[in-house]
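# Residue-level structural notes
Each chain, written out:
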Amino acid sequence: MRLAMVMLVLSIADGSAVAEPVTALIGHETTDVALDGVTRIARYQERLYRDGDQVWIERVMPARTATRSLHELDAHAAARWYTRSGEHATVVLVSAPEGVIIEVGPASMEAQGLTDRWVIAAGLVDLASLAPTTRTAPVGARWYERVGTADYMRVLWSERFALPLMIESGTRDGHHVSRTTVQPSTRFAPPWRSARELRRIDLSDLGD
């Protein structure tokens, strides 16, 4: 059993694990306590779609009736479309309402919160960097964690979906706390099918 678990972790780490097509609703909540004592809480949701070598992650946005100009488009709110290339991934941003695919150069990826690591794109976390624990978990899931001198991360991992069900992280002094919940489902309609023919532009074409 222990060997099987180790092999699972290694397969997730190198991107070789085979998982069924899945979609998931992801809820994010972060709490930051500033030095002036002000607490700021941010909440938002995303939806993930994953099938084979494709991953699509998009922000759940409020309904709107009009499209925006490119100068009004916020790249951070665009969908992230990852395509696997070995252990890495190529990624573009997609804004379907504006009908564009936004090419992002390597120098701009960090500023846009993007990664080229397939294991992160497909599984949201690098499970191989965490250690399994004996914390009680639901059937088919297991807790993993990493505790450093200043910060920590705990992940409830679903073996069936090869996705975390929960991610808890933060600083040990309590100034920053983040909690992510993931609700996976096998109901699936790949959004990239309708995006392949969209017009391609460069990130630099967007307004400041």
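My aim in this report is to walk through the structure given alongside it, one point at a time. All of these numbers come straight from a predicted model, not from anything done at the bench.

## Quick word on the overall build of the chain
Along the chain, the regular secondary structure elements total two helices and twelve strands. Going from N to C terminus, the chain has its helices and strands arranged as α-β-β-β-β-β-β-α-β-β-β-β-β-β. Burial statistics for the chain: of 208 residues in total, 39% are counted as buried. Taking as baseline every contact in the chain between residues at least 6 positions apart, the subset at least 24 positions apart corresponds to 53%. Counting only carbon and sulfur atoms, one obtains 52% of the accessible surface of the chain, whose full area is about 11,900 Å².

## A few points about the environment of Thr23
Along the chain, the position of Thr23 falls in strand β1 (residues 22–33). Separated by 34 residues in the primary sequence, Thr23 and Ile57 place their C-alpha atoms 9.5 Å from one another. Ignoring any residue separated from it by four or fewer positions in sequence, one finds Thr23 in contact with Arg47, Leu48, Tyr49, Gln183, Pro184, Ser185, Arg187 and Phe188. Of the polar contacts made by the side chain of Thr23, one reaches the backbone oxygen of Leu48; its length is 2.9 Å.

## Considerations on the side chain of Ser169
In this structure, Ser169 sits in strand β10 (residues 163–171). Residue classification places Ser169 among the buried positions, given a relative accessible area of 15%. With sequence-adjacent residues up to four places away left out, Ser169 is seen in contact with Tyr152, Met153, His176, Val177 and Ser178.

## What about the packing of aromatic side chains?
Summed over all chains, the structure comprises one aromatic pair. Taken together, a centroid distance of 5.8 Å and an interplanar angle of 45° make the contact between Trp56 and Trp81 tilted. Here Trp56 is found in strand β3 (residues 54–59), whereas its partner Trp81 is found in strand β4 (residues 79–85), with 25 residues between them in sequence. Each member of the pair Trp56 and Trp81 is classed as buried. The ring of Tyr44 carries the charged tip of Arg59 above its face, separated from the ring centre by 4.7 Å. Its end group placed over the ring of Trp143, Arg135 keeps NZ or CZ at 3.6 Å from the ring centre.

## Regarding the pattern of salt bridges
Pairing is possible between side chains that carry opposite charge, provided their charged atoms lie close to one another. As enumerated under the stated definition, the model contains seven salt bridges in all. Residue Arg117 pairs with Asp126 through a salt bridge whose shortest N-O separation is 2.9 Å. For Arg117, a relative accessible area of 35% corresponds to the partly exposed category. Residue Asp126 is classed as buried on the basis of its relative accessible area, which comes to 18%. The salt bridge involving Glu168 is made with Arg179; its shortest N-O contact spans 3.4 Å. With Glu168 in strand β10 and Arg179 in strand β11 (residues 176–185), the pair connects residues that are eleven residues apart, well separated along the chain. Residue classification places Arg179 among the partly exposed residues on the basis of a relative accessible area of 41%.

## Re the pairing of β1
If a strand is regular, its side chains alternate between the two faces of the sheet. Judged from the twelve bridges that link them, β1 and strand β2 (residues 39–51) form a sheet pairing that is antiparallel. Paired with His28 across the two strands is Tyr44, which belongs to β2. Hairpin remark: β1 followed by β2, antiparallel, with five residues in the connecting loop; positive phi at Gly37, about 85°. Here β1 runs beside β11; their pairing, made up of ten bridges, is antiparallel. Bridged to Gly27 within β11 is Thr181.

## Re unusual backbone geometry
Leaving glycine out, the prevailing phi sign among residues is negative, and the prevailing peptide bond configuration is trans. Backbone geometry at Leu124 places phi at a positive 70°, although glycine is not the residue there. Even without being a glycine, Ala162 presents a positive backbone phi close to 50°. For Ala162, a relative accessible area of 12% puts it in the buried group.

Each value, and the rule that gives it
Residues numbered from 1 in each chain as written. Predicted model: local features only at pLDDT ≥ 70, side-chain atom pairs only at ≥ 80, totals over all residues. Heavy atoms only, no water. Helix = DSSP H or I, 4+ residues; strand = E, 2+ residues; numbered from the N terminus. Buried < 20%, exposed > 50% of the residue type's maximum accessible area, 1.4 Å probe, protein only. Contact = heavy atoms within 4.5 Å. Areas by Shrake-Rupley, 256 points an atom, 1.4 Å probe, with all protein chains shown as cover. Polar contact = N/O pair within 3.5 Å; in protein donor to acceptor, adjacent residues only side chain to side chain. Phe/Tyr/Trp six-rings, centres within 6.5 Å; stacked < 30°, edge-to-face > 60°. Lys NZ or Arg CZ within 6 Å of the ring centre and 35° of its normal. Salt bridge = Lys/Arg side-chain N within 4 Å of Asp/Glu carboxyl O. Pairing = 2+ DSSP bridges.

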